[in-house]
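What follows is each chain in one-letter form.
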Amino acid sequence: MADTARRAAYQLRAVSRPTPPWKISDVLDFEFLLAGDDALPAEELRERDRAIFVEKIAPTLSQESADDRRAVLRAWVAERRRRATDELPGEQFITGWQTLLTLAVLGGLLLGGGLTMQLLRYSGAEPLNALVFLASTLGPQWLLIFAALLFWIERRTTRFLTDWRPLRALLAGLVALFGAGARRLHGESRVRLQAAIGRLAGKSEIYGSMATWPLLVVTQIFAVSFNVAILAMLLAQLPARELRFGWQTTWGAPEQVARVVGVLAAPWAWAPNSHPSTQEVFDTKYAPGQAHKTLPGAAMRAWWPFLFYAVACYGLVVRVAFLILAAVKMRRSLAALTFNHADANALWRRLSGPSVTTQPTGNLQVPEVTNVPPIHSGVAGDCLALVADEVAQPVQEMAAELASRFRWRLGETLPVKIDNRRACADQLARLRETAPSLAGVVITIPAARDPIVAIALFIREVISAAGAKPEVLILLLADKSQTETALRVKYWRDLLAIHRLHVGLETLCHK
């Protein structure tokens, strides 16, 4: 009953606003739903998504958002959520995320409070060591910050530690922390969530650092809670007992210690009792085993405001700043998503659903589509076709399909040996020359052809030659009499996923 109510609330949030911003849970659901559509026939997908747009999405969109791909695709996710009968990975992610944030807060409070209680415990007659307190509470935090900074510099320069096994194990362990929040999910839901996250990881070139910032948010929430617990415990001890601090002679000469204390206290020099005076630093120096009764009480009490300010400034404020930075970066990374990769482009075309008409002369006419988001700005673009040398498909039939589905006008058709990229140097050179003026590049391959590594290498060369502007699409040519077309398509999708080739994949069945 509780799960049903939670799922209903989740779906209600998804459709309650016309164009809500994208969240990580939305992206997970988006990729998961697209992956699930791979097993459905192309015609069924086109009919379903076109109906969703016409009946559910278009009436809710304003004139401005009708041209916004992000708004349209976000509305598609909301409608698919409403129709879902099982939990989607986005809902499972929210459950795990909330659990992980709770664990981060509780862990930070417990660790910070426990450490502070241990540091404020008197050992014998000696006063509390102020410099040990400072080093124990702030030292590890700043060591981690410097280590992260060095790692960030190394990643952008030498990348020497990319394959360092201890580091990879550490990163894997940090990612596995999310599993603590997902363990409350049952087995099938957990597998779905892992599959969706894995799909995003396979598209790291598309989604960039979107997975990095949530992890940083969690660690900074832990650190903020850690520092809050230290400050709270320090203040809580004041009414109960008198905190007497000093410092041992092993830390250096009194002049040096007083100078360091003054420099550290510079950011809050305006605050009352900002730091012990030079004389108070001199007076609170003690040797190991020396009783605190031999030191001036006022001088020992002058240390705790400085320690409080130091943890607040160099611990809490710094961590809050990092938390705000991570949250802003995470939101900006989501706002920067354009959803123009192959799978999103295929969905975009299904939603807009242009059709093709043929004049008696046989000339193709791409109609103007109204009240639907345009796929390309302006008129339909030209495309170049790289046709496998064993293809006997009529060019006119392929041109009609490209105009109907993609609003592309077929221009040049170049025969290629798709399993020998070195034999296609002239065709690739021609592609590089014409790519800036193209809307798409089509690689036509018989569906019965086995997907092998050599073909994957050829596709990679095509992607490189095409550059960033045109969309690269693989068009599998299948005979309508073939019964294993869906299985062949799966094989080709597996090849693209294994080699991380972010290109479109469509089928064209002919008689």
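Above this text you will find the structure in question.
A short tour of the structure in this document, coming up. (Residues numbered from 1 in each chain as written. Predicted model: local features only at pLDDT ≥ 70, side-chain atom pairs only at ≥ 80, totals over all residues. Heavy atoms only, no water.)

**Quick notes on the packing of aromatic side chains**
Counted according to the given criterion, the structure contains twelve aromatic pairs. Note on tryptophan 268 and tyrosine 309: the rings are 6.0 Å apart at their centroids and 45 degrees apart in plane angle, and the pair reads as tilted. Residue tryptophan 268 is located in the loop between α12 (254-264) and α13 (278-283), and its partner tyrosine 309 is located in helix α15 (residues 303-335); the two are separated by 41 residues in the primary sequence. Note on tryptophan 303 and phenylalanine 306: the rings are 6.0 Å apart at their centroids and 75 degrees apart in plane angle, and the pair reads as edge-to-face. Highlighted residues: tryptophan 303 and phenylalanine 306, both in helix α15, separated by three residues, approximately one helical turn. Here the two residues tryptophan 303 and phenylalanine 306 agree in accessibility, since each one is buried. (Phe/Tyr/Trp six-rings, centres within 6.5 Å; stacked < 30°, edge-to-face > 60°. Helix = DSSP H or I, 4+ residues; strand = E, 2+ residues; numbered from the N terminus. Buried < 20%, exposed > 50% of the residue type's maximum accessible area, 1.4 Å probe, protein only.)

**A closer look at helix α20 (residues 485-498)**
Here α20 contains 14 residues, and its C-alpha end-to-end distance of 20 Å stays within 8% of the 20 Å for a straight helix at 1.5 Å per residue. Among all positions of α20, only Thr485, Arg488, Val489, Trp492, Leu495 and Leu496 are buried. The arc that holds the buried residues of α20, viewed along the axis, is 115 degrees, so those residues lie on one side. Opposite the packed face of α20, turned more than 90 degrees from it, sit the exposed residues Ala486, Ala497 and Ile498. Directly after α20, the chain includes arginine 500, whose backbone phi takes a positive value near 55 degrees. (Expected span 1.5 Å × (residues − 1). Arc of directions from axis to C-beta.)

**What to know about the pattern of salt bridges**
Tallied over the entire structure, the rule returns twelve salt bridges. One salt bridge connects aspartate 49 with arginine 48, and the closest N-O pair in it is separated by 2.8 Å. Pair check on accessibility: aspartate 49 and arginine 48 agree, each one buried. The closest approach of N and O atoms between glutamate 412 and arginine 430, which form a salt bridge, is 2.8 Å. (Salt bridge = Lys/Arg side-chain N within 4 Å of Asp/Glu carboxyl O.)

**A look at the sheet that holds strand β1 (residues 128-129)**
Spatially, three strands are ordered β1-β2-β3 in an open sheet, and the strand pairing comes out parallel. Of all the strands in the sheet, the pair left with one neighbour each is β1 and β3 (285-286). Where β1 and strand β2 (residues 245-248) come together, two bridges link them in parallel fashion. The residue of β2 that forms the bridge with leucine 128 is phenylalanine 245. (Pairing = 2+ DSSP bridges.)

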